[in-house]
Amino acid sequence: MGIIEKMRLDEKKIFVTGGARGIGKSVAIAFAEAGADVAIVDLDFEAAQKTAAELKEHHEVETIAIEADVTKPEDVDNMIEKILNVFGRIDVAFCNAGICMNVPAEEMTFNQWKKVIDINLTGVFLTAQAAGKIMLKQGGGSIINTASMSGHIVNVPQPQCSYNASKAGVIQLTKSLAVEWATRNVRVNCISPGYMGTELTLNSPSLLPLIEQWNQMAPLKRMGRPEELQSICVYLAGDTSSFTTGADFVVDGAFTCI
């Protein structure tokens with residue numbers, strides 16, 4: 001069997017949080033193209049249903065849509081139960097749900113701080129923990145967390161200390177889980193994207209001045225595209241990455257090099 005065949009994800013059962021749009025949807029498409037059955041998890045149930053239907057129609061894989069708030073343990077437990085009822089197991093978890101708030105630190109309210117940390121860090125922990133429990137019982141699995149280049153640098157000019165701190169936490173959480181579960185065949189890695197030109201980002205008028213500054217600063221003079229994250233996630237989800245755990249893959253067009 002050649003390397004391309006080995007990278008297929010046929011019969012893998014995967015869930016994607018924040019999967020209805022943006023990076024989550026793009027990676028979910030790649031998983032489906034590689035043959036995996038995919039659960040689309042999102043707070044926006046209608047959008048999750050639409051994305052799941054698209055995957056099923058175009059790639060002939062089994063899909064389900066699940067509404068869940070990843071900051072609530074009871075929602076996460078319910079999510080896991082629904083996935084197991086349909087798929088029977090969980091081979092890969094893409095813990096991707098996240099938000100960002102641009103608020104000066106001295107003006108940030110406690111609730112604003114808490115919301116970002118709850119979704120970006122606690123939400124990743126809760127979903128990774130829940131998936132990990134199942135994978136440990138099964139004898140293996142792969143968890144992929146979405147961190148950010150913002151876990152490595154302080155973005156400018158926008159003030160986003162809560163986001164930066166949460167994503168740095170995701171990177172260290174990833175490494176910690178990877179070491180804890182290494183001998184039990186549960187791999188944990190994360191991706192750290194740079195600025196991504198998602199539909200939401202590109203259609204936000206308030207971000208246009210920032211995008212111009214980011215592109216001026218970027219070595220490649222452009223934002224990344226969500227599909228440019230697909231191949232690394234398919235690699236991490238599959239068996240060819242069996243020796244890869246505790247790694248943080250920075251996909252940022254060399255932005256953190258400057």
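Look up: the structure comes first, before these words.
Right, let's walk through the structure included here. Nothing here was measured: the structure is a model prediction, and the numbers come from that model.

What counts, and at which threshold
- Residues numbered from 1 in each chain as written.
- Predicted model: local features only at pLDDT ≥ 70, side-chain atom pairs only at ≥ 80, totals over all residues.
- Heavy atoms only, no water.
- Helix = DSSP H or I, 4+ residues; strand = E, 2+ residues; numbered from the N terminus.
- Polar contact = N/O pair within 3.5 Å; in protein donor to acceptor, adjacent residues only side chain to side chain.
- Contact = heavy atoms within 4.5 Å.
- Buried < 20%, exposed > 50% of the residue type's maximum accessible area, 1.4 Å probe, protein only.
- Pairing = 2+ DSSP bridges.
- Axes fitted to C-alpha atoms, helices over the stretch in contact; angles between N-to-C directions.
- Salt bridge = Lys/Arg side-chain N within 4 Å of Asp/Glu carboxyl O.
- Phe/Tyr/Trp six-rings, centres within 6.5 Å; stacked < 30°, edge-to-face > 60°.
- Parallel < 35°, antiparallel > 145°, perpendicular 65-115°, else oblique.
- Left-handed = near helix turned anticlockwise from the far one by under 90°.
- Nonpolar A, V, L, I, M, F, W, Y, C, P; charged D, E, K, R; others polar.

## Details of the side chain of threonine 244
Phase 1 of the analysis: Relative to the helices and strands, threonine 244 resides in the loop between α9 (230-237) and β7 (248-251).
Phase 2 of the analysis: In this structure the side chain of threonine 244 is engaged in a polar contact, spanning 2.7 Å, whose partner is the side chain of tyrosine 235.
Phase 3 of the analysis: Beyond its immediate stretch of four places on either side in the chain, threonine 244 contacts Arg187, Asn189, Tyr235, Leu236 and Phe249.

## A closer look at unusual backbone geometry
Phase 1 of the analysis: With omega at 5°, the peptide bond leading from valine 156 into proline 157 counts as cis.
Phase 2 of the analysis: As for its placement among the helices and strands, proline 157 is situated in the loop between β5 (141-146) and α6 (161-181).
Phase 3 of the analysis: The backbone phi angle of glutamate 11 is positive, close to 75°, even though this residue is not glycine.
Phase 4 of the analysis: Here glutamate 11 shows up in the loop between α1 (3-6) and β1 (13-17).
Phase 5 of the analysis: Backbone geometry at glutamate 60 places phi at a positive 55°, although glycine is not the residue there.
Phase 6 of the analysis: Tracing the chain through its elements places glutamate 60 in the loop between α3 (45-59) and β3 (63-67).
Phase 7 of the analysis: By relative accessible area, which is 74% here, glutamate 60 ends up exposed.

## Things to note about the sheet that holds β3
Phase 1 of the analysis: Read across the sheet, 7 strands follow the order β3-β2-β1-β4-β5-β6-β7 without closing on themselves; strand pairing throughout is parallel. Each end of this open sheet is capped by a strand with a single partner; those strands are β3 and β7. The average undirected angle you get between the axes of adjacent strands in this sheet is 15°.
Phase 2 of the analysis: In this fold α6 packs onto β5, β6 (186-193) and β7, with an angle of close to 160° to the strand it touches most, β6.

## Structural notes on the pattern of salt bridges
Phase 1 of the analysis: Summed over the entire model, instances satisfying the criterion amount to 10 salt bridges.
Phase 2 of the analysis: In this structure, the salt-bridge partner of arginine 8 is aspartate 10, at a minimum N-O distance of 2.8 Å.
Phase 3 of the analysis: Here glutamate 228 makes a salt bridge to arginine 225, at a shortest N to O gap of 3.1 Å.
Phase 4 of the analysis: Because the salt bridges share partners, they merge into one network encompassing Arg222, Arg225, Glu227 and Glu228.

## Things to note about the packing of aromatic side chains
Phase 1 of the analysis: Considering all chains together, one arrives at 3 aromatic pairs under this definition.
Phase 2 of the analysis: With centroids separated by 6.3 Å and ring planes inclined at 85°, the aromatic side chains of phenylalanine 31 and phenylalanine 94 adopt a geometry described as edge-to-face. You can see phenylalanine 31 sitting in helix α2 (residues 22-33) and its partner phenylalanine 94 sitting in strand β4 (residues 92-95), a full 63 residues away along the chain. Comparing phenylalanine 31 with phenylalanine 94 shows no difference in burial state: the two are buried.
Phase 3 of the analysis: Each ring, one from tyrosine 195 and one from tryptophan 214, has its centre 3.9 Å from the other, and the planes form 5°; the classification is stacked. Of this pair, tyrosine 195 sits in the loop between β6 and α7 (199-202) while tryptophan 214 sits in helix α8 (residues 208-217), and the two are 19 residues apart along the sequence.

## Considerations on the packing of α2 against α3
Phase 1 of the analysis: The contact between α2 and α3 brings their axes to 10 Å, and the two run at 30°. One element, α2, and the other, α3, form an angle in the roughly parallel class. Like other packed secondary-structure pairs, α2 and α3 cross with a definite hand, here right-handed. Along the contact surface, α2 presents Lys25, Ala28, Ile29, Ala32 and Glu33, while α3 presents Thr51, Glu54, Leu55 and His59.
Phase 2 of the analysis: Split into classes, the residues belonging to the contact of α2 with α3 amount to 4 nonpolar, 2 polar and 3 charged.

None of this, on its own, says anything about what the molecule does.
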